[in-house]
Amino acid sequence: MRGLLESVIENNRGFAMDGKVASYIPLLSKADPNHLGICVTTLDGKEYTAGDSSVKFTMQSISKVISLMVAILDNGTKNVFSRVGMEPTGDGFNSIVNLETKNYNKPFNPMINAGAIVTSSLIEGSSAEEKIDKILSFTRKITGNDSININEEIYLSEKETGDRNRALAYFMKGNKSLRGDVEEVLEVYFKQCSIDVCCSDISRIGAMLANDGVLPWSGERVISREVSRIVKTIMVTCGMYDESGEFAVHIGIPSKSGVGGGIMASVPKRMGIGVYGPSLDEKGNSIAGIKMLQELSRELDLSIF
Ligand code: GLU
């Protein structure tokens, strides 16, 4: 496996040149576009890495999977999906158009910004701090990494330039699809996006989901089989922004990407995969990361379809 991962890194290195590092959050633009890392966590708890697998990056939209799980643990599936839908949009991750023209009272799904802001608002706690602590401790548990923390610099950069997310949140507050204090909800959302991880952290999250909600390294169940099934399904239909359809055809693995350059992938009953490459395609997905997953999927026959 290690040899395979090493050749996957080498074969796909060149693709980074075809993309661009995210710059709409100024501090993200500091990432090195040549970094490329991969980690595979198998369900017997073995881990294989290659490339720049220990480089840290912020989770960004990958955190939407975590806040969805925490919101479901707090409120139950039925309550969460009465406030956010399950349908892909075909629009960009930060699109505002559907909030007014369609589905007036409910963002389409929890993987677009509008939906993720609503799921974060559903996490129980008496302050933003309590809510983010809950997200952090759940993240530490499902990665088996107690040192996971928020990258304060990215958080501040994100907060300073997050006007589009502010617009989404205030619009939703105005039409009553978002309740509570908007600035508090946004603090939770910006902070969850700014959680620092490396490839093995996200690979372990993928492995837990692949193992139907049970941590492969300890046998502890953290979410029900049913919740794990729902989360993986939403990752297939909505996890790769408006590139989810093409990704399903070519790769066929439930995955969630983030503009930090990470992709968390979960191959049911087989493995979790974490890839990192901060150079992004036009949709906001790691350009070389997708190519690496495509090669791995082909080599190991990982498509679920
Ligand atoms: N923090 C980013 C935002 O809300 C996350 C976007 C992403 O990774 O897609 O704009």
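Quick summary incoming for the structure in this document. A quick note: this is a predicted structure, and the numbers were derived from the prediction, not measured.

1. Digging into the pattern of salt bridges
Across all of its chains, the model carries 14 salt bridges by this definition. Notably, a salt bridge pairs R204 with E47, separated by 2.9 Å at the nearest N-O pair. Of this pair, R204 sits in helix α10 (residues 199-210) while E47 sits in strand β3 (residues 47-51); the two residues are 157 residues apart in sequence, bridging distant segments of the chain. The salt bridge involving D212 is made with K269; its shortest N-O contact spans 3.0 Å.

2. Quick word on the site of the ligand
In the vicinity of the ligand, the contacting residues are Y24, Q60, S61, F93, N113, E158, N165, Y189, C193, Y241, G258 and V259. The separation between an oxygen atom of the ligand and a polar side-chain atom of S61 is 2.5 Å.

3. Quick look at the sheet that holds strand β8 (residues 271-276)
Strand order in the open sheet formed by five strands is β3-β2-β8-β7-β6, with antiparallel pairing between adjacent strands. The open sheet has two free edges, formed respectively by β3 and β6 (255-257), since each of these has just one partner strand. Direction aside, neighbouring strands of the sheet carry axes that sit 10° apart on average. With six bridges joining them, strand β2 (residues 37-42) and β8 adopt antiparallel strand pairing. If you follow T41 over to β8, its bridge partner there is G272.

4. Side note on the nonpolar core
Side chains of nonpolar character tend, in soluble globular proteins, to be buried together. Counting 62 residues, the largest nonpolar core has I66, M69, I117, I142 and L209 as its most contacted members. Counting residues per element, the ones that place at least two in this core are α2 (63-75), α3 (77-83), α5 (113-122), α6 (128-143), α8 (163-174), α9 (182-193), α10 and α11 (225-238). The contact partners of I117, leaving out residues within four places of it in the chain, are N165, L168, A169, M172, L178, V185, L186 and Y189. Counting residues in hydrophobic clusters, the runner-up holds 23 residues, among them V8, L36, M240 and I253.

5. What to know about the pairing of β2
Most of β2 is tucked away: six of the six residues are buried. By the alternation rule, side chains of β2 split into G37, C39 and T41 and I38, V40 and T42, which are all buried. Sheet topology places β2 next to β3; five bridges connect them, and they run antiparallel. Across the sheet, the residue bridging to C39 is T49, located in β3. Linkage of β2 to β3, two consecutive antiparallel strands, is achieved through a turn of four residues, within which G45 is found at a positive phi near 85°.

6. Section: the packing of α5 against α8
Viewed as axis vectors pointing N to C, α5 and α8 meet at an angle of 65°, and their least axial separation amounts to 10 Å. Between α5 and α8 the crossing geometry is right-handed. Within the contact between the two elements, α5 uses N113, A114, I117 and V118 and α8 uses N165, L168, A169 and M172. The class makeup of the residues in the contact of α5 with α8 is six nonpolar, two polar and no charged.

7. Re the environment of K283
Following the sequence through the fold, K283 ends up in the loop between β9 (279-280) and α13 (287-300). Ignoring any residue separated from it by four or fewer positions in sequence, one finds K283 in contact with F93, Y241, D242 and E243. Polar contacts involving the side chain of K283 include one to the main-chain carbonyl oxygen of D242, which spans 3.4 Å.

8. Details of the side chain of E295
Looking at where E295 falls in the secondary structure, it is placed in helix α13. A polar side-chain atom of E295 sits 2.9 Å from a polar atom in the side chain of N11. Setting aside its immediate chain neighbours within four residues, E295 contacts V8, N11 and N12.

9. With respect to the packing of aromatic side chains
Counted under the stated rule, the structure contains two aromatic pairs. Relative to Y276, the ring of F57 lies with its centre 4.4 Å away and its plane at 5°, an arrangement referred to as stacked. Taken together, the residues span a long stretch of sequence, with F57 in strand β4 (residues 57-58) and Y276 in strand β8 at a distance of 219 residues. This pair shows no difference in class: F57 is buried, exactly as Y276 is. Here Y189 and F190 contribute two aromatic rings whose centre-to-centre distance is 6.0 Å and whose plane-to-plane angle is 55°, an arrangement assigned as tilted. In this structure, R204 is placed above the aromatic ring of W217, and the distance from its NZ or CZ to the ring centre is 5.9 Å.

What counts as what
The residue numbers shown here count from 1 along each chain, following its written sequence. The predicted nature of this model means local features are confined to residues of pLDDT at least 70 and side-chain atom pairs, given and counted, to a pLDDT of 80 or more, with totals for whole chains, interfaces and linings taken over all residues. Where side-chain values are given, they derive from all heavy atoms of the structure, hydrogens and water being excluded. For salt bridges, the criterion is a side-chain nitrogen of Lys or Arg within 4 Å of an Asp or Glu carboxyl oxygen. Each helix is a run of H or I in the DSSP string that is no shorter than four residues. Each strand is a run of E no shorter than two, and both are numbered from the N terminus. In this text, near means that some heavy atom of the residue lies within 4 Å of the molecule or strand in question. In protein, a polar contact means a hydrogen-donor-capable atom and an acceptor-capable atom, both N or O and within 3.5 Å, with residues adjacent in sequence counting only if both atoms are side-chain atoms; elsewhere, any N or O pair within 3.5 Å suffices. Two strands pair if DSSP finds at least two bridges between them. The axes used here are C-alpha line fits, helices contributing only the stretch in contact, and every angle between their N-to-C directions lies in the interval 0 to 180 degrees. Put simply, a nonpolar core is a bunch of buried Ala, Val, Leu, Ile, Met, Phe, Trp, Tyr and Cys residues held in one set by side-chain atoms that sit within 4.5 Å of each other. For the exposure calls, accessible area comes from a 1.4 Å probe over protein chains only, and a residue counts as buried if that area is under 20% of its type's maximum, exposed if over 50%, partly exposed in between. Contact definition: two residues touch when any of their heavy atoms are within 4.5 Å. Left-handed describes a crossing whose near helix is turned anticlockwise from the far helix through less than a right angle; right-handed describes the clockwise counterpart. Three classes are used: nonpolar for Ala, Val, Leu, Ile, Met, Phe, Trp, Tyr, Cys and Pro, charged for Asp, Glu, Lys and Arg, and polar for all others, with Gly counted as polar. Pairing of aromatic side chains requires ring centres within 6.5 Å, counting the rings of Phe and Tyr and the six-membered ring of Trp. Pairs whose planes differ by under 30 degrees are stacked, by over 60 edge-to-face, and all others tilted. Counted as over-ring charges are cases with an Arg CZ or a Lys NZ within 6 Å of the ring centre that also lie within 35 degrees of the ring normal.

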